[in-house]
Amino acid sequence: MHIPDGLLPPQIVAGGYAVTGLATWYCLRQINHQGNTLENIPKASLLTAAFFVASSLYIPLPPVSVHLVLNGLLGVILGYFALPAILIGLFFQALMVGHGGLTTLGINGVLMGLPALAAYYIFQLRYGLEKFLPEPWPTGICAFLGGSGGLALTVLIFISLTLTSLPTGLDAAAEHRAILVVALGHLPLILLEGIFTAMVVLFLQRVKPELLEG
């Protein structure tokens, strides 16, 4: 679900850097206001590594092969740290394993970082659900929705960007079919990431609940 160099026109790529830069500034500002930066750096570092490694764990779903993304998981656990963590992971993925690209680092930040922030906000809805449901249901439900929703939003942004910004000279019909097949191949992964996120969060709630207060 990475966008490689050369696929999108320069104005879209530049816009991606602008949006990601603004979003990163906002996240860093919120982190500074929280005042717990040093405490959360080890947690952010660990999940950045997990995000990087996840790109090498391929799951065959014929006719495509997909890999874990985990941006929803990072959003749920890291909060505002998620976007900087994802950007660092994307940089090393482009540099070391050839996923994405350096020119598209900004647009891939939009693709995966903004949905991670959305996952964080979804997870915060658990506080409202606590009025109606006993624990661990609010935490589990919102963790599932955050994990699956983060990837679902990534897929929707990917489809929107690629379908509307393909370079001329390509067989548009064939490319559109390929993009839709890749997107459909991620539907089971959306469910899987939601379940995985819920399992991780419920485990942390039992053994280390303070890690969920990011």
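The present account deals with the structure reproduced in this document. (Residues numbered from 1 in each chain as written. Predicted model: local features only at pLDDT ≥ 70, side-chain atom pairs only at ≥ 80, totals over all residues. Heavy atoms only, no water.)

1. As for the packing of helix α4 (residues 82-97) against helix α5 (residues 105-123)
For any two helices packed against each other, the geometry is given by the interaxial angle and the distance between the axes. Here α4 crosses α5 at 145°, and the two axes come no closer than 9 Å. Crossing handedness for the pair α4 and α5: right-handed. Residues Ala82, Leu83, Ile86, Leu87, Leu90 and Phe91 of α4 pack against Leu105, Asn108, Gly109, Met112, Gly113, Ala116 and Leu117 of α5. Tallied by class, residues from the contact of α4 with α5 come to ten nonpolar, three polar and no charged. (Axes fitted to C-alpha atoms, helices over the stretch in contact; angles between N-to-C directions. Helix = DSSP H or I, 4+ residues; strand = E, 2+ residues; numbered from the N terminus. Left-handed = near helix turned anticlockwise from the far one by under 90°. Contact = heavy atoms within 4.5 Å. Nonpolar A, V, L, I, M, F, W, Y, C, P; charged D, E, K, R; others polar.)

2. Let's talk about the side chain of serine 148
Inspection of the secondary structure puts serine 148 in helix α7 (residues 137-164). Those residues in contact with serine 148 that lie beyond four places of it in its chain are Ile190, Glu193 and Gly194.

3. Structural notes on the nonpolar core
Membership of the largest hydrophobic core comes to 52 residues, with the highest contact counts inside it found for Leu74, Ile77 and Leu78. Where this core is concerned, the elements lending two or more residues are α1 (10-34), α2 (37-54), α3 (71-78), α4, α5, α7, α8 (172-185) and α9 (187-207). Broken down by element, this core gets its largest block of residues, nine residues, from α5. If sequence neighbours within four positions are ignored, leucine 74 has contacts with Leu47, Phe51, Gly79, Ala82, Ala85 and Ile86. (Core = buried A, V, L, I, M, F, W, Y, C linked by side-chain atoms within 4.5 Å. Buried < 20%, exposed > 50% of the residue type's maximum accessible area, 1.4 Å probe, protein only.)

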